[in-house]
Amino acid sequence: MDRAKEAGQSREGLLRSYKQGESIPLRKSLEEAYRSDSESDIDATEFLDRDPLNDHSQPAVTAYAPTMQLRTLRNSFARRSKCLLIILVVLVVFWSILAGGGFFLYKQKPADGESPPWYPTPPGGTVAQWSESYKKAAELVKKMTLAEKVNITTGTGWQMGLAVGNTGPALNVGFPGLALQDGPLGLRFADNATAFPAGITVGATWNKDLMYLRGKAHGKEARLKGVNVLLGPCVGPLGRMPAGGRNWEGFGTDPVLQGIAAAQTIKGIQEEGVIATIKHFIGNEQEHFRQSWEWGLPNAMSSNIDDRTLHEMYGWPFQDSVKAGVASVMCSYQMLNNSYSCGNSKLLNGILKDELGFQGFVQSDWLAQRSGVGSALAGLDMTMPGDGLTWAAGKSLWGPELSKSVLNGSLPVSRLNDMVTRVVAAWYQLGQDDKTKFDGQGPNFSSWTNEKMGKINHGSPDDHDEKVVNKFVDVTGTGDDAHRIIALQVATEGTVLVKNDGNVLPLSKDGWPESGKHDTSMRVGIFGEDAGEGQGPNHCMDRACNQGTLGSGWGSGAVEFPYLISPMTALKNAFNMEKVYTTAYPTNSPPLKKMPELLADQDFCIVFANSDGGEGFVAWEGVRGDRNDLYLQKGGDKLIQEVATGCGGGKGSTIVVIHSVGPVIVEKWVNLPGVKAVIMANLPGQESGNAIADIILGNVNPSGKLPYTIGKSLDDYGPGAKILYYPNGVVPQQTFHEGLYIDYRHFDKSGIKPTYEFGFGLSYTKFEYSNLVVTPVLSKTPLPSSRPKGIAAPEFDNKIPDVSEALFPSNFRQLKKFVYPYIGKASDIKKGKYSYPEGYDVKQHPSEAGGGEGGNPDLWNVYANVSVDVTNIGSVHGKEVVQLYLGFADVAGEAKNVDFPVNVLRGFEKVYVMANDTRTVHFNLTRRDLSYWDIVRQNWVMPSEGTITVKVGASSRDLRLTGYY
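Remember, it's a predicted structure, so these values are computed and weren't measured experimentally. (Residues numbered from 1 in each chain as written. Predicted model: local features only at pLDDT ≥ 70, side-chain atom pairs only at ≥ 80, totals over all residues. Heavy atoms only, no water.)

1. Let's talk about the layout of surface pockets
Then, number 1: The calculated volume of the largest pocket comes to roughly 1,100 Å³.
Then, number 2: Contributing to the lining of the largest pocket are 43 residues, with Thr167, Gly168, Pro169, Ile456 and Phe818 lying nearest its centre.
Then, number 3: Mapped onto the lining of the largest pocket, the elements with two or more residues apiece are α6 (146-153) and β11 (467-468).
Then, number 4: Of the residues that constitute the lining of the largest pocket, the class distribution is 20 nonpolar, 15 polar and 8 charged. (1 Å grid on protein atoms, 1.4 Å probe; cavity = no way out; pocket = protein on both sides within 12 Å on 5 of 7 lines; lining within 4 Å. Points joined across faces, edges and corners; volume = space filled by probe spheres on them. Helix = DSSP H or I, 4+ residues; strand = E, 2+ residues; numbered from the N terminus. Nonpolar A, V, L, I, M, F, W, Y, C, P; charged D, E, K, R; others polar.)

2. Description of helix α9 (residues 255-271)
Then, number 1: When the terminal C-alpha atoms of α9 are compared, their 24 Å separation across 17 residues agrees well with the 24 Å that a helix rising 1.5 Å per residue should span.
Then, number 2: Burial analysis of α9 places 15 of its 17 residues in the buried class, which makes it a mostly covered element.
Then, number 3: Two or three places before Val256, at the start of α9, stands the capping residue Asp254, its side-chain oxygen 2.8 Å from that residue's backbone nitrogen.
Then, number 4: Remark: Gly273 follows α9 within two positions and exhibits a positive phi of approximately 85°. (Expected span 1.5 Å × (residues − 1). Buried < 20%, exposed > 50% of the residue type's maximum accessible area, 1.4 Å probe, protein only. Polar contact = N/O pair within 3.5 Å; in protein donor to acceptor, adjacent residues only side chain to side chain.)

3. Here we look at the pairing of strand β2 (residues 179-182)
Then, number 1: Alternating residues of β2 divide into Ala179 and Gln181 and Leu180 and Asp182, and every residue in both groups is buried.
Then, number 2: Two elements, strand β1 (residues 165-166) and β2, share 2 bridges in a ladder whose sense is antiparallel. When the sheet's bridge partners are listed, Gly165 is paired in β2 with Leu180.
Then, number 3: As paired elements, β2 and strand β3 (residues 229-231) share 3 bridges and run parallel to each other. Bridge pairing in β3 places Gln181 opposite Leu230. (Pairing = 2+ DSSP bridges.)

4. Some points on the nonpolar core
Then, number 1: With 124 residues, the main nonpolar core has Met144, Phe175, Leu352, Trp366, Val424 and Leu905 as its most contacted residues.
Then, number 2: Counting residues per element, this core draws most heavily on helix α15 (residues 413-429), at 10 residues. (Core = buried A, V, L, I, M, F, W, Y, C linked by side-chain atoms within 4.5 Å.)

5. Thoughts on empty space enclosed by the protein
Then, number 1: Summed over all chains, the structure comprises 10 cavities of 30 Å³ or more.
Then, number 2: By volume, the largest cavity amounts to about 130 Å³.
Then, number 3: Lining the largest cavity are 14 residues, and of these Pro537, Arg543, Cys545, Gln547 and Thr549 lie nearest its centre.
Then, number 4: Residues belonging to the lining of the largest cavity are distributed by class as follows: 6 nonpolar, 7 polar and 1 charged.
Then, number 5: Of the volumes computed, that of the second largest cavity is approximately 90 Å³.
Then, number 6: Lining the second largest cavity are 13 residues, with Gly239, Pro242, Asn247, Thr253 and Pro663 sitting closest to its centre.
Then, number 7: Residue composition of the lining of the second largest cavity, by class: 7 nonpolar, 4 polar and 2 charged.

6. Quick notes on the sheet that holds strand β5 (residues 302-304)
Then, number 1: Reading across from one edge, β8-β7-β5-β18 is the order of the 4 strands in this open sheet, with mixed pairing throughout. The sheet terminates laterally at β8 (339-340) and β18 (733-735), the two strands that pair on one side only.
Then, number 2: Pairing of β5 with β18 involves 3 bridges; the strand directions are parallel. Bridging from a neighbouring strand, Ser303 pairs with Gln734 of β18.

7. Some details on the packing of aromatic side chains
Then, number 1: The final tally for this structure, using the stated rule, is 29 aromatic pairs.
Then, number 2: For the pair Phe818 and Tyr820, a centre-to-centre distance of 4.7 Å together with 35° between the ring planes defines the contact as tilted. Here Phe818 matches Tyr820 in class, with each residue buried.
Then, number 3: Judged by centre distance (4.8 Å) and plane angle (40°), the rings of Tyr836 and Tyr840 are tilted. (Phe/Tyr/Trp six-rings, centres within 6.5 Å; stacked < 30°, edge-to-face > 60°.)

8. A short note on the side chain of Lys910
Then, number 1: Residue placement: Lys910 occurs in strand β23 (residues 904-913).
Then, number 2: Accessibility expressed as a relative area gives 17% for Lys910, which makes it buried.
Then, number 3: Among the polar contacts made by the side chain of Lys910, one reaches the main-chain carbonyl oxygen of Thr205 at a distance of 2.8 Å.
Then, number 4: Apart from residues lying up to four places away in sequence, Lys910 is in contact with Thr205, Trp206, Asn207, Glu493, Ser703, Gly704, Lys879, Glu880 and Val881. (Contact = heavy atoms within 4.5 Å.)

9. What to know about the sheet that holds strand β17 (residues 675-680)
Then, number 1: If you trace the 6 strands from one edge of the open sheet to the other, you get β12-β17-β16-β15-β13-β14, paired in mixed fashion. Edge positions in the sheet fall to β12 (496-500) and β14 (580-585), since each of these pairs with one other strand and no more. Each strand of the sheet is rotated relative to its neighbour by a mean of 15°, with strand direction disregarded.
Then, number 2: Inspection of the sheet shows strand β13 (residues 522-527) paired to β14 by 6 bridges, in the parallel sense. (Axes fitted to C-alpha atoms, helices over the stretch in contact; angles between N-to-C directions.)

10. Re the pattern of salt bridges
Then, number 1: Tallied over the entire structure, the rule returns 39 salt bridges.
Then, number 2: Arg928 serves as the salt-bridge partner of Asp320, at 2.3 Å between the closest nitrogen and oxygen. Here Asp320 is found in helix α11 (residues 316-323), whereas its partner Arg928 is found in the loop between β24 (918-926) and β25 (932-934), with 608 residues between them in sequence.
Then, number 3: With relative accessibility at 10%, the residue Asp320 sits in the buried group.
Then, number 4: The partner of Lys705 in a salt bridge is Glu880, and the shortest N-O contact between them spans 3.4 Å. One end of the pair, Lys705, is in the loop between α20 (688-696) and β18; the other, Glu880, is in strand β21 (residues 878-887), and 175 residues separate them in sequence.
Then, number 5: Overall, the relative accessible area of 4% leaves Lys705 in the buried class.
Then, number 6: Taken together, the salt bridges that share partners define one network made up of Arg246, Glu249, Glu287, Arg290, Glu294 and Glu615. (Salt bridge = Lys/Arg side-chain N within 4 Å of Asp/Glu carboxyl O.)

11. Points about the packing of helix α10 (residues 307-314) against α11
Then, number 1: Here α10 crosses α11 at 55°, and the two axes come no closer than 4 Å. Between α10 and α11, the angle falls in the class oblique. Between α10 and α11, the residues in contact are Leu310, His311, Glu312, Met313 and Tyr314 and Trp316, Pro317 and Phe318, respectively.
Then, number 2: Along the lines of polarity and charge, the residues of the contact of α10 with α11 split into 6 nonpolar, 1 polar and 1 charged. (Parallel < 35°, antiparallel > 145°, perpendicular 65-115°, else oblique.)

12. Focus: the state of the cysteines
Then, number 1: Within this structure, the stated rule accounts for 3 disulfides.
Then, number 2: Through a disulfide, Cys331 is tied to Cys342; the S-S separation comes to 2.0 Å. Measuring the twist about the S-S bond at about 105°, one finds the Cys331-Cys342 disulfide to be right-handed. Linking Cys331 in strand β6 (residues 328-331) with Cys342 in the loop between β8 and α12 (345-355), this pair joins segments that are 11 residues apart in sequence. Side by side, Cys331 and Cys342 carry an identical accessibility label, which is buried.
Then, number 3: With its sulfur 2.2 Å from that of its partner, Cys605 forms a disulfide with Cys647. The sign of the 100° torsion about the S-S bond sets the Cys605-Cys647 disulfide as right-handed. (Disulfide = S-S within 2.5 Å.)

13. Remarks on the side chain of Ser405
Then, number 1: With respect to the secondary-structure elements, Ser405 resides in helix α14 (residues 400-407).
Then, number 2: A residue is classified by how much of its surface remains accessible, and Ser405, at 11% relative accessible area, is buried.
Then, number 3: A polar contact of 2.8 Å, which involves the side chain of Ser405, links it to the backbone oxygen of Glu401.

14. Observations concerning helix α19 (residues 636-646)
Then, number 1: For α19, the complete set of buried residues consists of Gly636, Asp637, Leu639, Ile640, Val643, Ala644 and Gly646.
Then, number 2: Tucked inside the fold, the buried residues of α19 contact β13, α18 (597-600), β15 (604-611), β16 (653-660) and β17.
Then, number 3: Backbone geometry just downstream of α19 places Gly648 in the positive-phi region, at approximately 60°.

15. Considerations on the environment of Lys572
Then, number 1: Checked against the element boundaries, Lys572 lands in helix α17 (residues 567-574).
Then, number 2: When the C-alpha atoms of Lys572 and Val524 are compared, they prove to be 9.4 Å apart, with 48 residues separating the residues in sequence.
Then, number 3: In contact with Lys572, other than residues within four places in its own chain, are Ile526, Thr582 and Ala584.

Structure (structure tokens):
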């Protein structure tokens, strides 16, 4: 099938196919960047002069109902319909009022950013772990022309290349163009690749080994498909709002769980030589209003996060990722503290590159760049996909504009050299100069068509050359190395048993025990659309609909399923058909009233239901990325109630299985007498049915733990947990007033009893904890050691190059919409005195919290050891997740006045314990684990007086042993 429709899809969304006349949902229309007064004049481009309200040359956005109406009316307006013009005016007035203040406010620029300026960008190459890569990179960069340098930092444009993101090569020095591809759970748009379980399922395993192995398999598939940069893993959103559309791409609602899972994933990916990308930096916690024009507003929303919360919560997993050596960071769409993340100098220069010591390159999310020179000065190193402010237009904010900026002196050559060197150093650091692993020929698959033959530059009307673009290379592995084995292990261990009354589970595949008195075979009924195949796993583009069993959420983080084993199929195959009579009704509307025997004749009823969500560029039945509530979709709650009430004439046992992108409210049915067991199966990927069958039949002892809290209502999660569904201003504002208190931290502080707490999960056996020992390793001191000096960064000749380096070569064939680094003529360069952003001339002092990859090296030193014994007192072998939390209620001195959560997760270990056996589990507590971020000292501070409480147990509310440090 030709992906001409998918060709209309952006990396984060969809465009419209005008040639085919199809009404495909649009991704966005970024005709204009509204700048704050704090940005310099050199950010201005020709794109900024357009009026988005009167410019009809670009399509509008369909992600929001009023905007869909505006688009329809705007097309009609082009036909000069007076009647529709009147309606258009009415709707514009209505939307302007709704957007927070009327037409004139709609036209205003956002207020000055609230993030302090931090310039210039710290150069890369200052830590020993990257020194050799930077030496090689510097030698190569010194030989490059201006055009080659710009080529490396600027994407070639949407659909200009086979990957979702492509950079140009530096041919004179032999540096290839790079291929960047989604995503967090597999390779988007790729054939013959694995659809792994989603991040939220990985988090639910609490298994560091599986986190690493999944990442390694993912990285290997990317390398074998010719991908240089993998756009994952994802730790932003953190999960502040349980209905957030992309929470499922991450690993859970705690920064430590997210950080460890991300670090393990990064290690696995990068051991295969593929550059991992940690995203989205930072504060992208909801889909509504995440970017300009996608929701009909000229500006994206601002996530307003205080300094301590930024460090201890949302930035924590990014710090873990930098410590793990991640080579790329993707900045997010929305504003942080009223400054766009991809142009926020405090965020990129001050925190990421100085304080955290990040040595790789910062890339924009697709069209998240909002300025030209301004974003470069703020620390952006690569723009993706290269088009600038409008999809598939070929008019970049960098490309030729970046060449001009260097030649006219508005962008220091030193900044461009650092941008390029960071990219090239990452390439060397991951060993991509090894021709046996990377042949430099690019991807062996196309993101734009499933046919063997196609165009390299699918988005250009000038590219008529048909070439082999899909070689159909199978990268899923074979035999013991088959990646489906890892996928199944993750799916199984990421399945969480939260209720098992009377030990109804596991069921026996052979039916009733021989000693029992039963006249008939055991009868099992399977109910729910989520149990079946539906119309196939790839029925909807980017998985953007809820039909059949739910294997993943939707959006750019989704993949093409090579197959999807449904629960219905797996269970029917798993039961011994000679001893167990199974019937399946894969619908949420079985004819129970007309045929009550469908339920009455069952001994066990297994009912499947789900809740779906995804990225905000596309909507499904009113769900615009972020879920509208936390209830089951498609009548799932009603189906469970009916099945639980009628199963076996009221005497049967009902087992509920939920596939979901996040927590769901279960209060409508969880306490019904007939509901004996509840399983949260998360998003299991291609091996879904096999995983749930293994759990239900006891082939695998469940060991998953909840990576989030399940409350009794959305209100239980607190005011900050609610999606901003309607704009509260032209620049929607979402202030994180709750600070550190999200998910279980909020429940603990507010004394709210959840239905099932964070970290909770049952097993078919029982574990006891004993012999907790806390051993000090180093003495407590308030501040970490002084920042180490580091090594010298590479030095370059920062002379402005000759304009001839940027001119189009003679007889050069240009493709429309392709982003080139070249300019047309020397007279395009307008030299003069250009203003720089406010604060650019202020000398910044390096952060004392920095000095190494991941921050001050002392933050990673171990200050205490903890050990605990875990005994399996049951009759079944199994795995237990031992969780370590810290409390600060007994600290003294100045820390006594600091607000601390009741408990904070600081470590976990998953251990296999045979029946009647005991295992000793060990933890290391680092200085950072024992510290809080002091906004005055601008450093991590350890409470050195009093005692820090160490708590170990099976969940955030089942902490069985206590010790002190």
